[in-house]
Amino acid sequence: MPVDMYNQSVFLVLKAAYLYYIDNKSQNEIADQLKVSVTTVSRLLKKAKEEKIVEFVIRDPYVECIRLEKDLEEAFGLQDIVIAPGFSLDSEDGMSGADDEENVKKLVALEGARYLQRIIKENDVLGITWGSTMYHLINYLNPAQKVDATFVTLHGSIACCENELDVRPLVSKIARAFSGTNYSLMTEALMSSKTTADVIKKEKNIQKIYQKFDEINISISGTGSLYPEMRSVLGKPEFMSAEELAKLQEQNVVGDIALHFFDRNGKECQTDLVDRMITIDFEKFKQIKTKITIASGKWKAHTILSALKGGLIDVLIIDYELGMEILQLKALEEKV
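Keep in mind that this is a model prediction, so the values were computed, not measured. (Residues numbered from 1 in each chain as written. Predicted model: local features only at pLDDT ≥ 70, side-chain atom pairs only at ≥ 80, totals over all residues. Heavy atoms only, no water.)

**Some remarks on the pairing of strand E1 (residues 80-84)**
Among the five residues of E1, four are classified as buried, and the element is accordingly described as predominantly covered. Relative to strand E10 (residues 315-319), E1 runs parallel, the two being bridged by five bridges. Opposite Val 82, over in E10, you have Ile 317 as the bridge partner. (Buried < 20%, exposed > 50% of the residue type's maximum accessible area, 1.4 Å probe, protein only. Helix = DSSP H or I, 4+ residues; strand = E, 2+ residues; numbered from the N terminus. Pairing = 2+ DSSP bridges.)

Quick look at the structure:
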């Protein structure tokens, strides 16, 4: 620091910085201790940064997440992107705590819960889908945060999934967490025929939920992956027949979102499942103002990239490895 008769005492700058950053004292407490004003404390702390008495370092594993966020933002122009590091903040090396798919999923779900709590406000109407990621997200919500919002199932129930992962209990649980209101489609999702689905949609209680779809301004959903590996529950025999799956694969199905199956360009696959499913209309889903998608696992890269192409995502909350895989896959496609 150059000698300047009008500079504050170097020791005073150092002392203020130590009390603030090491001893965690407030600026008011520091002002009392050093016999100066709070404004002077603020100037001392600013001086400590300018003169590099205090420097801030974000360790490499974490700063890479910020770089990845910027790269994804530049590539896709989303409303927001959140990258879960995929390693624990509590470990000494910053690299442990997420050594399997389930732990990574939980880290992403935690980021999703914190994001939702930052943006949710009174009178919001949120559409909710089923799944294990949604289950974890809801479990991570802080029950002390109360918001007078409305929560709506985006689709009917899936008979083959575990009850705790079904959309109805999930919507009920998230509404309780925020002390909000919930509306559920009291029916199975997949009907045996279009005729049956049409009859169900005419039921008074079902129509009430379909009308609520028009009010949804935020959706929160996971995704199912059917390419390159068939890992979605919806592609299994418990949900659909081999013939139905084959028809989807003929149309290059990649994934599913809110019980809609989409291809490599994010367009809905046109099979009879469209008319037999009790769910929000695909185009209406796309019109939701803020569509939040939460996903983990780099094997979902094709699914997320396709959904991005189709305008099915506005806010993306993912783990670091999946984010890198999406960018690499996009770069490969651009070379072809």
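**Description of the nonpolar core**
Leu 116, Leu 126, Leu 137, Leu 141, Phe 151, Ile 220 and Phe 261 are the most contacted members of the largest nonpolar core, which totals 49 residues. If one sorts the elements of this core by residue count, helix H7 (residues 167-178) sits on top with seven residues. Once residues lying within four places of it in the same chain are set aside, the contact partners of Leu 116 are Leu 126, Leu 137, Leu 141, Ile 174, Phe 178 and Ile 220. Judged by nonpolar contacts, the second largest core, of 38 residues, contains Ile 206, Phe 262, Ala 301 and Ala 307. (Core = buried A, V, L, I, M, F, W, Y, C linked by side-chain atoms within 4.5 Å. Contact = heavy atoms within 4.5 Å.)

**Section: the state of the cysteines**
Across all of its chains, the model carries zero disulfides by this definition. Cys 160 supplies the cysteine sulfur nearest to Cys 161, a cysteine that is in no disulfide, at a spacing of 6.4 Å. Free of any disulfide, Cys 269 has its nearest cysteine sulfur in Cys 160, 18 Å distant. Its relative accessible area of 3% is what places Cys 269 among the buried residues. (Disulfide = S-S within 2.5 Å.)

**Examining the environment of Asp 148**
Locating Asp 148 in the fold gives a position in the loop between helix H6 (132-139) and strand E3 (150-153). Considering only alpha carbons, one finds Asp 148 and Gly 310, 162 residues apart in sequence, at a separation of 32 Å.

**Notes on the packing of helix H1 (residues 10-22) against helix H2 (residues 27-34)**
It is the contact of H1 with H2, at a shortest axis distance of 10 Å, that shows an interaxial angle of 140°. Relative to H2, the element H1 is oriented oblique. When you trace H1 past H2, the crossing you get is right-handed. Together, Leu 12, Lys 15, Ala 16, Leu 19 and Tyr 20 of H1 and Gln 27, Ile 30, Gln 33 and Leu 34 of H2 make up the contact between the two elements. Tallied by class, the residues present in the contact of H1 with H2 amount to six nonpolar, two polar and one charged. (Axes fitted to C-alpha atoms, helices over the stretch in contact; angles between N-to-C directions. Parallel < 35°, antiparallel > 145°, perpendicular 65-115°, else oblique. Left-handed = near helix turned anticlockwise from the far one by under 90°. Nonpolar A, V, L, I, M, F, W, Y, C, P; charged D, E, K, R; others polar.)

Taken by themselves, the reported measurements are silent on function.
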